[in-house]
Amino acid sequence: MTHHQHSGPAIVTRGLTRHFTSRKQTVEAVQGLDLEIGQGELVAFLGPNGAGKSTTLRMLTTLIPPTSGSASVAGHDVVTGQRDVRHAIGFVGQGNGAGHRQLGRDELVSQGRAHGLSRADAHRRAAQLVEDLDLAAVADRKVSSLSGGQRRRLDIAMGLVHLPRVLFLDEPSTGLDPQNRANLQQLIQRLHAESGSTVVLTTHYLEEADALAGRVIVVDHGRVIADDTAARLKSGLGDLVRLGFGSAADAARAAARLERVPDSRVDVDETSVDLRVKDGSTLVGEVLADLAADGVPPTRVEVARPTLDDVFLDLTGRSLREAQSTESPTDESTRTESEVAA
Ligand SMILES: Nc1ncnc2c1ncn2[C@@H]1O[C@H](COP(=O)(O)OP(=O)(O)OP(=O)(O)O)[C@@H](O)[C@H]1O
């Protein structure tokens, strides 16, 4: 199937907002997103549970309408051009449910047929995907018998059947073990590189956003709080040089000395001193020599490169991992009711 190629950005949102009402309470799931994503970008939405990532994806894939604001995907408005958007995109949601008695290959063919491919084209396309995505071992088994990792690979192939220009993946590697997660990430990178499609995925794995995406959009409470390459987000923070001392008095003296390091931030916690500074790994030799000369040599030294979690902590005052475990998602049973209208 061919689509006319539009020349603007793959995705544009203006004040994109979605509220839900459940039990008379309003949840502001997405609050005024203004985004532009270029054709061919690989973008990760990163944020804790409930940040609004899935809701954003569901609006961009036309599954639910925005409460206000607008969005266009592949040049089509998600509300007025819903059909065109659907033709242009692929969407792999969170878990497609098991229990299919079909073979993986047949499921790919059905999916192609559902997207309007002829029987012959659907078969040809399924065969091609099986080859490209190394799915031979998966394609000729019943879908219900596949492991989680195999199932996710098949899901991704399903999202690609009709050569979408924009592919959305909602938490593609959730629930997979590290090995399968690494395989899946390689697969996503390869298909992005080979197809030139725009790929937008959501994740709460910092490592995944870091390793995979050219651009990381950090969302929290329905808003974008940072938007850049992982490398630039992290380099803004500087390295962490953590020094341990024999006593709190030594730590305080060392901290006073370290305050003089230009463009740095110093935090003291009892016998430990944290120095945040660009190029900490290069500076550490000098720092140690200075402290030794002042008679307060540290007893312990660690240098850490910042992680995306440090970025999140810096931006929100909370660790992404903490935000993850403390904010429980709302009761599932209330979600379906308010979705019926959509
Ligand atoms: N249909 C719905 N009815 C009521 N509230 C909803 C509905 N869908 C989402 N929400 C709420 O909107 C907020 C954002 O949810 P969303 O699923 O978009 O977050 P998320 O960032 O994708 O989180 P997760 O990582 O858990 O998927 C949450 O508070 C959620 O409970």
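Nothing here was measured: the structure is a model prediction, and the numbers come from that model.

Rules of the game
For every chain, the first residue of the written sequence is number 1, and numbering continues from 1 onward in sequence order. This being a predicted model, a pLDDT of at least 70 is required before a residue's local features are given, and a value of 80 or more before pairs of side-chain atoms are given or counted; all residues contribute to the totals for chains, interfaces and linings. Excluded from the side-chain calculations are hydrogens and water; all other atoms, namely the structure's heavy atoms, are used. The numbering of helices and of strands both runs from the N terminus, where a helix is a DSSP run of H or I of at least 4 residues and a strand a run of E of at least 2. Only the protein chains shown count as cover for residues, and the accessible areas themselves come from Shrake-Rupley with a 1.4 Å probe. In this tally, Lys and Arg are treated as positive and Asp and Glu as negative; His is ignored, and so are the chain termini. To locate a charge, take atom NZ for lysine, CZ for arginine, CG for aspartate or CD for glutamate. Ring geometry is summarised as follows: Phe, Tyr and Trp rings, the Trp one being its six-membered ring, pair when their centres sit within 6.5 Å, and such pairs are stacked at plane angles under 30 degrees, edge-to-face over 60 and tilted between the two. Geometrically, a charge over a ring is one whose NZ (Lys) or CZ (Arg) sits within 6 Å of the ring centre while staying within 35 degrees of the ring normal. Each residue is assigned to one of three classes by its accessible area relative to the maximum for its type, calculated with a 1.4 Å probe on protein chains only: buried under 20%, partly exposed between the two thresholds, exposed over 50%. Whether two strands pair comes down to DSSP finding at least two bridges between them. Every angle, taken between N-to-C directions, lies between 0 and 180 degrees, and every axis is a line fitted to C-alpha atoms, over only the stretch in contact when it is a helix. The contact criterion used is simple: two residues touch if any of their non-hydrogen atoms lie within 4.5 Å. Here the expected span of a helix is defined as 1.5 Å times the quantity of residues minus one. To get the bend at any residue, fit one axis to the seven residues that end at it and another to the seven that begin at it, then take the angle between the two axes. An automatic or database domain assignment provides the domain bounds reported here. Throughout, nonpolar core names a set of buried Ala, Val, Leu, Ile, Met, Phe, Trp, Tyr and Cys residues whose side chains join them through atoms within 4.5 Å. In what follows, salt bridge is the name for a side-chain nitrogen of Lys or Arg lying within 4 Å of a carboxyl oxygen of Asp or Glu.

Asker: Tell me about the overall build of the protein, and name the residues and values.
Answerer: What the protein contains, in helices and strands, is 14 helices and 14 strands. Counting only C-alpha atoms, the protein reaches 80 × 50 × 40 Å along its principal axes. Carbon and sulfur atoms make up 48% of the accessible area of the protein, which totals about 16600 Å². Each charge class in the protein can be summarised by its mean position, and for the 38 positive and 46 negative side chains these summaries are 7 Å apart.

Asker: Go over unusual backbone geometry with me, naming the residues and quoting the values.
Answerer: For T62, which is not glycine, the phi torsion reads 70 degrees and is therefore positive. Topologically, T62 is positioned in the loop between α1 (53-60) and β4 (68-73). In this structure, H221 takes a positive phi of about 45 degrees despite not being glycine. Position of H221 among the secondary structure elements: in the loop between β9 (215-220) and β10 (223-228).

Asker: Can you explain the packing of aromatic side chains? Please cite residues and give values.
Answerer: In total, this model carries zero aromatic pairs according to the counting rule given. Over the ring of Y205 we find R181; its NZ or CZ atom is 3.8 Å from the centre of that ring.

Asker: How would you sum up the pairing of strand β11 (residues 239-244)? Please name residues and give values.
Answerer: Judged by how many residues are buried, β11 sits mostly within the fold: five of six residues are covered. Taken together, the six bridges between β11 and strand β13 (residues 272-277) define a ladder with antiparallel strand orientation. For V241, the partnering residue across the bridge sits in β13 and is L275. Sheet topology places β11 next to strand β14 (residues 300-304); five bridges connect them, and they run antiparallel. Its bridge partner lying in β14, L240 is registered against A304.

Asker: Give a detailed account of the sheet that holds β14, specifying residues and quantitative values.
Answerer: One open sheet holds the four strands; their spatial order is β12-β13-β11-β14, and the pairing between them is antiparallel. Looking at the sheet topology across the chains shown, the edges are occupied by β12 (264-269) and β14. Within the sheet, the average angular offset between the axes of one strand and its neighbour, ignoring direction, is 15 degrees. By the bridge criterion, six bridges tie β12 to β13 in an arrangement that is antiparallel. Bridge assignment links D267 to a residue of β13, and that residue is D274. This element, helix α11 (residues 280-293), spans β11, β13 and β14 of the sheet and lies at about 30 degrees to β11.

Asker: Tell me what's going on with α11, and back it up with residues and numbers.
Answerer: Under the 1.5 Å per step criterion, the end-to-end length of α11 is 19 Å for 14 residues, consistent within 8% with the ideal 20 Å. Of all the bends in α11, the greatest measures close to 25 degrees and is centred on E286. Those residues of α11 that are buried lie in contact with β11, α10 (248-258), β13 and β14. Count one or two residues on from α11 and you reach G295, which has phi positive near 80 degrees.

Asker: Pulling in residues and values, what's your account of helix α6 (residues 148-160)?
Answerer: Its 13 residues give α6 an end-to-end C-alpha distance of 19 Å, which sits within 8% of 18 Å, the value for a rise of 1.5 Å per residue. Of the residues making up α6, those classed as buried are G149, R151, R152, R153, L154, D155, I156, A157, M158, G159 and L160. Of the surrounding elements, those touching the buried residues of α6 are β6 (89-92), α3 (104-114), α4 (119-132), α5 (136-139), β7 (166-170) and α7 (178-195).

Asker: A description of the domain arrangement of the protein should follow, citing residues and the corresponding values.
Answerer: According to the domain assignment, the protein consists of domain 1 (11-233 + 320-339) and domain 2 (238-305). The C-alpha-based centres of domain 1 and domain 2 are spaced at 43 Å.

Asker: So what's going on with the sheet that holds strand β1 (residues 11-22)? Which residues, and what values?
Answerer: Pairing in this open sheet of four strands is antiparallel, and the strands run β2-β1-β4-β5 from one edge to the other. Pairing within the sheet leaves two strands with one partner each, and these edge strands are β2 (25-37) and β5 (76-77). Pairing of β4 with β5 involves two bridges; the strand directions are antiparallel. In the strand pairing of β5, S72 is matched with D77.

Asker: Give a detailed account of the nonpolar core, specifying residues and quantitative values.
Answerer: In terms of nonpolar packing, the biggest core is built from 47 residues, with L108, I156, L169, I188 and L308 touching the most fellow members. It is α6 that contributes the most residues to this core, five residues altogether. Contacts of I188, omitting those with residues within four sequence positions, involve I156, L169, P172, V199, L201 and L212. Counting residues in hydrophobic clusters, the runner-up holds 28 residues, among them A51, M59, A71 and V73.

Asker: Just give me the short version of the pattern of salt bridges, but keep the residues and values in it.
Answerer: Note on pairing: side chains with opposite charge can pair once their charged atoms come close. For the structure on display, the rule yields 20 salt bridges. Salt-bridge contacts for R151 lead to E107; the nearest nitrogen and oxygen are separated by 3.3 Å. Of this pair, R151 sits in helix α6 while E107 sits in helix α3, placing them 44 residues apart in sequence. Since its relative accessible area comes to 11%, R151 is described here as buried. A residue is classified by how much of its surface remains accessible, and E107, at 6% relative accessible area, is buried.

Asker: Summarise the environment of E322; cite the residues concerned and give the values.
Answerer: You can see E322 is positioned in helix α13 (residues 320-326). For E322 and A44, which are 278 residues apart along the polypeptide, the C-alpha to C-alpha distance reads 20 Å.

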